[in-house]
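Read off the chains here:
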Amino acid sequence: MKKKIRIYSSLVALTFLSTSILCACTNTDTSTAAKTDQSRFYFHAAEKAADNKRTNFYIDSDNNLWAWDSVYPDYPYIGNAFLPPMEPEPIMKNIKEVVPTGMYNDLFYVLDTDNSLWELPTDMTPSIPKKKLLDDVAVPNMEHAITDNGDLYVWGDQTRYISGMVGLTKEEMKTPRCIVKQAAFTDLDTSTSFAIDQDGYLWSWGECQYGELGQGEAYIKSSSPTIIADHVAKFYRSYDRGEPTMYALKTDGTLWAWGYNQYGAVGNGTTETVSTPTKVLDHVKTFTCTACPSNGAFDTYTNAFALREDDSLWAWGYNDEGNLGNGTTESAFSPVKILDDVAEIETDVNMYTNLSFAIKKDGSLWGWGYNRFGQLCTGNSEPVLFRGYEEKSVNKILL
């Protein structure tokens, strides 16, 4: 029977425990709606600048949307300083989903059971009418949505960097506009945005400083949605100490990269900014990097890892702490092979840890990287067998 091994560092465990205690304090709610059987409960879905208020939302089993405010002092994380929330009030019927808009936003969005998308003010001011934005919405998001037929619509701040929309008034920016037909994937923020359509074309638009749009120039502003690659299966966004490096894995197994490259994150053998997608490796099955937002890391250096079809693991990028596992502490500007017969790789990255782990096909568990707290049971920077598990078969590492 194969066993699953969960890897912890004592510090990570302590951080998790502290966070759990904090969440238990902050998420305790005595309102009527919160006491019900809640499968769709949006706690602190919108924060208001005025009076330190946060709006909470709840959808009951009859698809009624409830809302109420929680009032916070200036320093909410001190003891039991949280004030009780106001009593919830029903504000809309036939609601399927709430789309939070983030902190200090005076609007939020809801998806109706008929798949229409609506805009509402967070303070529920009667003088501000509810506004329907789109019909037939399949994927609702903040200031962008994909309809049932795959069309990508944007509004609000998402229109700021698109040619033809930069002169819109604030009121005009509220009207959704279709910018990409048949979108299958989106990765949008307020400055640099990407979409993959159903034909595998990768589109980019917005503003960039390090060529991260992939449109051939290091700095572009107010560019139109432009195709920068074809046959793209997956797109990855990385932030190397806050600076962007982008990756695209194509359907033919080739990995491409572009953008910020001071420590070799692109993997093209240089440290110069790359402003067009450049092929890095062939025969790639899976890709990951330590500075991908999906790993919860926004302020770390980029360590890129590619698992190839022959089960060899390759790495490149920043390496001052043995992050790459290639036996050195020198950054690698091109991919270097670090292990054979690899079945899976996982990374564990935060401000205290910068570790990577691989499970080989024989079930052995290997780890390398930052080892200040003894997570690896060794001081080496090269991959080492994770002691104690030589004879155990591991399905997956859970970090």
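Owing to the predicted nature of the structure, the values given are computational and were not obtained by experimental measurement.

Considering the overall build of the chain
Thinking step 1. Secondary structure summary: the chain contains two helices and 31 strands in total.
Thinking step 2. Here the chain holds 399 residues, and the buried ones make up 49% of them.
Thinking step 3. In the chain, once contacts between residues fewer than 6 apart in sequence are set aside, the share between residues at least 24 apart is 43%.
Thinking step 4. For the chain, the exposed area adds up to about 19,200 Å²; of that, 49% sits on carbon and sulfur atoms.

Description of the confidence of the model for the chain
Thinking step 1. A residue-level look at the chain finds 66% of positions with pLDDT of 70 or above and a mean pLDDT of 76.
Thinking step 2. When the criterion is pLDDT under 50, residues 75-82 qualifies, and its contacts beyond four places in sequence or with other chains add up to nine contacts.

Section: the environment of Arg-237
Thinking step 1. Summarising the element assignment, Arg-237 is placed in strand β19 (residues 232-240).
Thinking step 2. Considered as a pair, Arg-237 and Ala-248 are 11 residues apart in the sequence and their alpha carbons are 9.0 Å apart.
Thinking step 3. A distance of 2.9 Å separates a polar side-chain atom of Arg-237 from the backbone oxygen of Thr-192.
Thinking step 4. Looking at Arg-237, its side chain comes within polar contact range of the side chain of Tyr-239, at 3.3 Å.

Considerations on the sheet that holds strand β21 (residues 255-259)
Thinking step 1. Taken in spatial order, the four strands line up as β19-β20-β21-β22 in an open sheet, and their pairing is antiparallel. Looking at strand neighbours, the two that pair on one side only are β19 and β22 (274-281), the edges of this open sheet. Put simply, the sheet's adjacent strands are angled 20° from each other on average, direction ignored.
Thinking step 2. Sheet analysis places strand β20 (residues 243-250) next to β21, joined by five bridges and oriented antiparallel. Opposite Tyr-247, over in β21, you have Ala-257 as the bridge partner.

Section: the sheet that holds strand β26 (residues 332-339)
Thinking step 1. Read across the sheet, four strands follow the order β23-β24-β25-β26 without closing on themselves; strand pairing throughout is antiparallel. Looking at strand neighbours, the two that pair on one side only are β23 (284-289) and β26, the edges of this open sheet. Across the sheet, the axes of successive neighbouring strands diverge by a mean angle of 20°, strand direction being ignored.

Focus: the nonpolar core
Thinking step 1. Leu-202, Tyr-247, Trp-258, Phe-287, Leu-313 and Trp-316 are the most contacted members of the largest nonpolar core, which totals 40 residues.
Thinking step 2. Counting 14 residues, the second-largest nonpolar core is a separate cluster that includes Ile-146, Leu-152, Ile-162 and Ala-183.

Brief notes about the packing of aromatic side chains
Thinking step 1. Counted by the stated rule, this structure contains 11 aromatic pairs.
Thinking step 2. The interplanar angle of 80° and the centroid separation of 5.0 Å between the aromatic rings of Tyr-210 and Tyr-260 together place this pair among those described as edge-to-face. Of this pair, Tyr-210 sits in the loop between β17 (202-208) and β18 (220-229) while Tyr-260 sits in the loop between β21 and β22, and the two are 50 residues apart along the sequence.
Thinking step 3. Since its relative accessible area comes to 24%, Tyr-210 is described here as partly exposed.

Let's talk about a negative patch on the surface
Thinking step 1. Together, Glu-309, Asp-310, Asp-341 and Asp-362 make up a negatively charged patch on the protein surface.
Thinking step 2. Within the secondary structure, Asp-362 sits in the loop between β28 (354-360) and β29 (365-369).

Regarding the side chain of Asn-261
Thinking step 1. You can see Asn-261 is positioned in the loop between β21 and β22.
Thinking step 2. Among the polar contacts made by the side chain of Asn-261, one reaches the side chain of Asn-268 at a distance of 3.2 Å.
Thinking step 3. Engagement of the side chain of Asn-261 in a polar contact is seen with the backbone oxygen of Glu-272, the distance being 3.0 Å.
Thinking step 4. In this view, Asn-261 contacts Val-266, Gly-267, Asn-268, Thr-270, Thr-271, Glu-272, Thr-273 and Val-274; residues no more than four positions away in its chain are not counted.

As for the environment of Ala-184
Thinking step 1. For Ala-184, the position within the fold is in strand β15 (residues 183-187).
Thinking step 2. Take Ala-184: its relative accessible area is 55%, and that puts it in the exposed class.
Thinking step 3. Sequence-distant contacts of Ala-184, defined by excluding residues within four places in its chain, comprise Ile-196, Asp-197 and Gln-198.

Criteria and thresholds
Residues numbered from 1 in each chain as written. Predicted model: local features only at pLDDT ≥ 70, side-chain atom pairs only at ≥ 80, totals over all residues. Heavy atoms only, no water. Helix = DSSP H or I, 4+ residues; strand = E, 2+ residues; numbered from the N terminus. Buried < 20%, exposed > 50% of the residue type's maximum accessible area, 1.4 Å probe, protein only. Contact = heavy atoms within 4.5 Å. Areas by Shrake-Rupley, 256 points an atom, 1.4 Å probe, with all protein chains shown as cover. pLDDT = per-residue confidence, 0-100. Polar contact = N/O pair within 3.5 Å; in protein donor to acceptor, adjacent residues only side chain to side chain. Pairing = 2+ DSSP bridges. Axes fitted to C-alpha atoms, helices over the stretch in contact; angles between N-to-C directions. Core = buried A, V, L, I, M, F, W, Y, C linked by side-chain atoms within 4.5 Å. Phe/Tyr/Trp six-rings, centres within 6.5 Å; stacked < 30°, edge-to-face > 60°. Patch = residues over 30% accessible without salt bridge, like charges linked within 9 Å, V, L, I, M, F, W, Y side chains within 5 Å. Salt bridge = Lys/Arg side-chain N within 4 Å of Asp/Glu carboxyl O. Lys, Arg positive; Asp, Glu negative; His and termini not counted. Charge placed at Lys NZ, Arg CZ, Asp CG, Glu CD.

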